[in-house]
Amino acid sequence: MQDTERKTVSILGATGSVGGSTADLLLANPERFAVDALTGGRNVARLVELASALHPRFVAIADPSCYGTLKDALSGSGIEVAAGDEAVCEAADRPADWVMAAIVGCAGLLPTLTAVRRGATVALANKECLVSAGDIMMREVADAGATLLPVDSEHNAIFQVFEQRRREAIDKIVLTASGGPFRDASLAEMAGKSPAEAVAHPRWDMGAKISVDSATMMNKGLEVIEAAHLFDLPEERIDVLVHPESIVHSMVAYRDGSVLAQLGMPDMRTPISYALAWPERMETNVRPLDLTEIATLTFSAPDETRFPALALAREALRLRGAMPAILNAANEIAVAGFLEGRLEFTGIAELVGEVMAAADFAGPATIDDVIGLDREVRVLAQDRLVGQLAHSAARADVESTIE
Ligand code: NAD
Ligand code: MG
């Protein structure tokens, strides 16, 4: 088959969990999709494995020190290899029809924006870029005539049942949350939880950062902000409901009393496939939903006393301006600190709250403002985290991880 008949696709963050689920769908449908570019952070072995299976034209790795090993491993394959942050943006800039934005954290901001700016169809998993720069991103999407397809399972669910042409008939949207591994734990129990316990999510198999975010419920907070941008709704019209079975992925409540929900097994291949095939649908190997087997679906209100991160995210969304970017940057530093054993689990939301109270920045007007703000807040959060370290040492440490 000619490549002109296939949709060309690129995966930013191919070596991660969402990247892997996307690769599974592409491998199962070689007649429909041709892979143009793949990117990874620093996992050379996984990137080589994916490149060998998917035959992209271009592969980029963010960590420049990985260039030699990657280049050697792919020598003779005909695949162009590059390294560094600019190479990741170059991958996004290449003319694939469809780009999966699945880099974790604010590191995904520029690559995602690069794909948006050339008017691509962007499947968005990287929620942090909408949290940090939602207003700017949505404006860029409109200006470039790009198409943004939500991949986060809740937003994908809402996208499937949101009657855009009847917006005035919509009362609110309801994001479901699994409640994470510490759903029923007390704050005292949570304080002693280890990174391994926090990362062991009961329903979804995900990267470390989003798994910790699920455990603190900051993930749901980030998702409330993400939904506000994607569906242009104020904070008070976005509800959260704890639903441990993770079968109802989210809902739209209409003013006539109808509530439309999307259901399915907790498997990211379903929302990713919806974005891949949109506006059509495609087959996946996802297990069909058997409600007789599941039998019971339960729902409860979230507890913002035990999960203060959710309230912080709501506050950031109400305040707007710089606050969502401050929340996100502080959370990225806090989660990394927890995963490195430098912060207690309950210290994550505490640190985010402290940084939000202390940080005083004007709302960002440009993407460079967001990047500068993100950098400053990381330094501030790192300073608080490593209180005893001199400010200069913390600055050097943070700048080496973000450049
Ligand atoms: P992951 O940690 O498994 O993968 C992250 C990817 O980003 C990897 O390919 C990694 O190499 C790359 N990366 C990390 N730092 C980078 C940097 N500085 N520069 C370039 N690339 C870098 O994460 P994930 O679970 O796949 O999640 C990815 C994104 O999707 C996150 O924003 C997450 O919130 C969102 N998301 C994930 C899931 C899920 O089920 N995993 C569901 C919904 C949304
Ligand atoms: Mg989600």
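Residues numbered from 1 in each chain as written. Chains lettered and ligands numbered in written order. Predicted model: local features only at pLDDT ≥ 70, side-chain atom pairs only at ≥ 80, totals over all residues.

**Points about the overall build of the chain**
- A tally of helices and strands in the chain yields 18 helices and 11 strands.
- In summary, the chain has a C-alpha radius of gyration of 21 Å against a globular reference of 22 Å for 403 residues, a match within 12%.
- Taken along the three principal axes of its C-alpha coordinates, the chain extends 60 × 55 × 40 Å.
- Of all 403 residues assigned to the chain, the portion counted as buried reaches 47%. (Helix = DSSP H or I, 4+ residues; strand = E, 2+ residues; numbered from the N terminus. Rg over C-alpha atoms; globule rule 2.2 N^0.38 Å. Buried ≥ 20, exposed ≤ 12 C-beta atoms within 10 Å, placed from the backbone.)

**Describing the site of ligand 1**
- What surrounds ligand 1 is a group of 27 residues, the closest being Gly16, Gly41, Ala125, Met206 and Gly207.
- When the residues that make up the shell around ligand 1 are grouped by side-chain class, the tally is 13 nonpolar, 10 polar and 4 charged.
- Here the shell around ligand 1 gathers at least three residues from each of two domains, domain 1 (3-150) and domain 2 (161-265 + 286-294). (Near = placed C-beta within 6 Å. Nonpolar A, V, L, I, M, F, W, Y, C, P; charged D, E, K, R; others polar. Domains from an automatic or database assignment.)

**Describing the UniProt feature "binding site: NADPH" (unreviewed entry) in the chain**
- According to UniProt, the "binding site: NADPH" (unreviewed entry) feature falls on Thr15, Gly16, Ser17, Val18, Gly41, Arg42, Asn43, Asn126, Glu128 and Gly207.
- Position of glycine 41 among the secondary structure elements: in the loop between strand S2 (33-40) and helix H2 (44-54).
- Those residues in contact with glycine 41 that sit more than four places away from it in its chain are Thr15, Ala62 and Asp63.
- Looking at where asparagine 43 falls in the secondary structure, it is placed in the loop between S2 and H2.
- Judged by the 16 C-beta atoms lying within 10 Å of it, asparagine 43 falls in the partly exposed class. (UniProt positions renumbered as here; feature names shortened; annotations may be inferred. Contact = placed C-beta atoms within 7 Å.)

**A closer look at the sheet that holds S2**
- Here 7 strands make up an open sheet; going across it, the order is S4-S3-S2-S1-S5-S6-S7 and the pairing parallel. Unpaired on one side and paired on the other, strand S4 (80-83) and strand S7 (147-150) mark the two borders of the sheet. Averaged over all pairs of adjacent strands, the angle between strand axes in this sheet comes to 20°, irrespective of strand direction.
- Of the strand pairs in this sheet, S2 and strand S3 (residues 58-61) are connected by 4 bridges, and their pairing is parallel. The partner of alanine 37 across the bridge, within S3, is phenylalanine 58. (Pairing = 2+ DSSP bridges. Axes fitted to C-alpha atoms, helices over the stretch in contact; angles between N-to-C directions.)

**Considerations on the sheet that holds strand S9 (residues 238-242)**
- Taken together, the 4 strands give an open sheet; going across it, the order is S9-S8-S10-S11, and neighbouring strands pair in mixed fashion. With partners counted over all chains shown, the strands left at the sheet margins are S9 and strand S11 (259-263), one partner each. Within this sheet the neighbouring strands show an average axis-to-axis angle of 20°, counted without direction.
- In this structure, strand S10 (residues 248-254) lies alongside S11, joined through 5 bridges in antiparallel fashion. In the strand pairing of S11, serine 250 is matched with glutamine 262.
- Along the sheet, helix H7 (residues 153-161) makes contact with strand S8 (170-177), S10 and S11, crossing S10 at roughly 40°.
- Contacting S8 and S9, helix H11 (residues 218-231) crosses the sheet at an angle of about 150° to S8.

**Quick word on the nonpolar core**
- If you look at the biggest cluster of nonpolar residues, it comprises 122 residues, and the most contacted ones within it are Val99, Ala101, Ala123, Ala313, Ala330 and Val352.
- No other element matches helix H15 (residues 323-339), which puts 11 residues into this core.
- What valine 99 contacts, discounting residues up to four positions off in sequence, is Ser10, Leu12, Ala92, Ala115, Ala120, Val122 and Ala123. (Core = buried A, V, L, I, M, F, W, Y, C linked by C-beta atoms within 7 Å.)

**Brief notes about the domain arrangement of the chain**
- Domain annotation for the chain reports domain 1 (3-150), domain 2 (161-265 + 286-294) and domain 3 (320-402).
- Inter-centroid distance (C-alpha atoms) of domain 2 to domain 3 is 25 Å.
- Each partner contributes to the interface: domain 2 provides 13 residues, whereas domain 3 provides 11 residues.
- Sorting the residues of the side of domain 2 that touches domain 3 by element identifies helix H8 (187-191), helix H9 (195-199), helix H10 (208-216) and H11 as the ones contributing at least two each.

**Digging into the packing of helix H1 (residues 17-27) against helix H12 (residues 269-277)**
- At a closest axis distance of 10 Å, the pairing of H1 and H12 adopts a crossing angle of 60°. Between H1 and H12, the angle is such that the two are oblique. Handedness of the H1/H12 crossing: right-handed. Facing H1, whose interface residues are Ser21, Thr22, Asp24 and Leu25, H12 presents Arg269, Ile272, Ser273 and Leu276.
- Here the contact of H1 with H12 is composed, by residue class, of 3 nonpolar, 3 polar and 2 charged. (Parallel < 35°, antiparallel > 145°, perpendicular 65-115°, else oblique. Left-handed = near helix turned anticlockwise from the far one by under 90°.)

**Details of the pairing of S7**
- Of the strand pairs in this sheet, strand S6 (residues 121-124) and S7 are connected by 4 bridges, and their pairing is parallel. Along S7, the bridge assignment pairs threonine 121 with threonine 147.
- A crossover links S6 with its parallel partner S7, the connecting element being helix H6 (residues 127-144), and its sense is right-handed. (Right-handed = clockwise from strand over helix to strand, strands pointing away.)

**Regarding the UniProt feature "domain: 1-deoxy-D-xylulose 5-phosphate reductoisomerase N-terminal" (unreviewed entry) in the chain**
- Under the local residue numbering, the UniProt record ascribes the feature "domain: 1-deoxy-D-xylulose 5-phosphate reductoisomerase N-terminal" (unreviewed entry) to residues 9-134.
- As annotated, residues 9-134 has a helix share of 44% and a strand share of 22%, and its two end C-alpha atoms lie 24 Å apart.

**A look at helix H16 (residues 347-358)**
- Helix length check: H16 (12 residues) gives 16 Å between terminal C-alpha atoms against 16 Å at 1.5 Å per residue, within 8%.
- Residues Ile348, Ala349, Leu351, Val352, Val355 and Met356 constitute the buried set of H16. Relative to the axis of H16, the buried residues are bounded by an arc of 160° and lie together on one face. (Expected span 1.5 Å × (residues − 1). Arc of directions from axis to C-beta.)

**Observations concerning the environment of alanine 336**
- Assignment of secondary structure puts alanine 336 in helix H15.
- When the 20 C-beta atoms within 10 Å are taken as the criterion, alanine 336 is described as buried.
- With 12 residues separating them along the chain, alanine 336 and isoleucine 348 place their C-alpha atoms 9.5 Å apart.

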